[in-house]
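# Structural characterization, general
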Amino acid sequence: MKELYRHLRTFMDPKSEVAQNRFIGLRSFFNWAVKEGLFPERRKLRILDLCAGTGIAGGALYETLQEWGYEASLTVVDKRKEDLLLVEEWVSGEVYGAVMDCLDDLKRLGRFDIALIFGYTMPHFDPFQTAKLFRNVAGVLEGDGVFLLEETDRFGAFFYRKAYREIVPEVRREDYTVISLDEGYDPLRGVIRRGYYKLPGWERIGEIETRYWDLAGLAGIGKALFEEARIIRKSEHGVVNVGDIIYLGKPYRT
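Residues numbered from 1 in each chain as written. Predicted model: local features only at pLDDT ≥ 70, side-chain atom pairs only at ≥ 80, totals over all residues. Heavy atoms only, no water.

### Let's talk about the packing of aromatic side chains
If you walk through the whole model with that rule in mind, you get 8 aromatic pairs. Between F134 and F147 the ring centres are 5.5 Å apart and the planes differ by 85°, which places this aromatic pair in the edge-to-face class. With F134 in helix α5 (residues 127-138) and F147 in strand β5 (residues 141-151), the pair connects residues that are 13 residues apart, well separated along the chain. Here F134 and F147 have matching classes, each one buried. Taken together, the ring pairs in this structure connect F29, F30, W32 and F118 into an aromatic cluster. Positioned above the aromatic ring of Y70, the side-chain terminus of R43 is 4.1 Å from the ring centre. Above the plane of the ring of Y176 lies K198, whose end atom (NZ or CZ) is 4.6 Å from the centre. (Phe/Tyr/Trp six-rings, centres within 6.5 Å; stacked < 30°, edge-to-face > 60°. Helix = DSSP H or I, 4+ residues; strand = E, 2+ residues; numbered from the N terminus. Buried < 20%, exposed > 50% of the residue type's maximum accessible area, 1.4 Å probe, protein only. Lys NZ or Arg CZ within 6 Å of the ring centre and 35° of its normal.)

Structure follows, in structure tokens:
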């Protein structure tokens, strides 16, 4: 998996022009979100960035809130320490990093006002894991806290509009290409297994189990745990390199 990830991380590598443009787009989106009043109405806001990678999304929100005069703090969570160490490339202030799985107990990290999962990460979670993840996040948010997920409607694209392909070129470089192949479906977890290969040579570099989520499915799970659940389409926020947003607010207390 580590070898596979090395080929797929360009979109958040601070040295990458792609990532730098992505950061600008995220800043634009969060600026729009502040204007729309999507965040809790207080001057101190604690941000939790999950599956954060290099912290590009959390960093963009932190910097945007600082410019608006908020007193922001940022905690980034990822399983890869080497990525978390790069968060300072995006953020001018102090950041707390936790090397852990976001399905682990997040309560040891404290309480938060805003939680993020950006970067189209939800295909890594099957429905059972997703329910656990959302419950985990709801448990660390304040009563007026919000949870924002960046996603796209893969079910609609792949199966309704028939864009699904068994063989997909994932990464192209001058001297090699990484492709993925459909290698089977698990009906008990609702995931498709895709194997990744480096060409030429057909070197197998990893496997990923993927859940092709629709936006309504994720928002519906969220509605069981949050009072407010809605989908913000790209056409609504208008930022080209930011996807659709699932907005969950005010977690229920049980």
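### What to know about the environment of V171
Summarising the element assignment, V171 is placed in strand β6 (residues 167-172). Along the sequence, V171 and K198 sit 27 residues apart, while their C-alpha atoms lie 9.3 Å from each other.

### A few points about the pattern of salt bridges
A side chain of one charge can pair with a side chain of the opposite charge if their charged atoms are brought near each other. All told, the structure shown has 18 salt bridges when counted by the stated rule. Residues D113 and R46 are paired through a salt bridge, measuring 3.0 Å at the closest nitrogen-oxygen approach. Within this pair, whereas D113 is found in strand β4 (residues 112-117), its partner R46 is found in strand β1 (residues 44-49), the two being separated by 67 residues in sequence. Overall, D113 belongs to the buried group, its relative accessible area being 0%. Among the ionic pairs, E236 bridges to R230, the shortest N-O distance being 3.6 Å. Note on R230: relative accessible area 29%, which makes it partly exposed. (Salt bridge = Lys/Arg side-chain N within 4 Å of Asp/Glu carboxyl O.)

### Topic: the side chain of T210
Following the sequence through the fold, T210 ends up in strand β9 (residues 203-210). Relative accessible area serves as the criterion here: at 7%, T210 is assigned to the buried category. With sequence-adjacent residues up to four places away left out, T210 is seen in contact with P123, G190, V191 and I192. (Contact = heavy atoms within 4.5 Å.)

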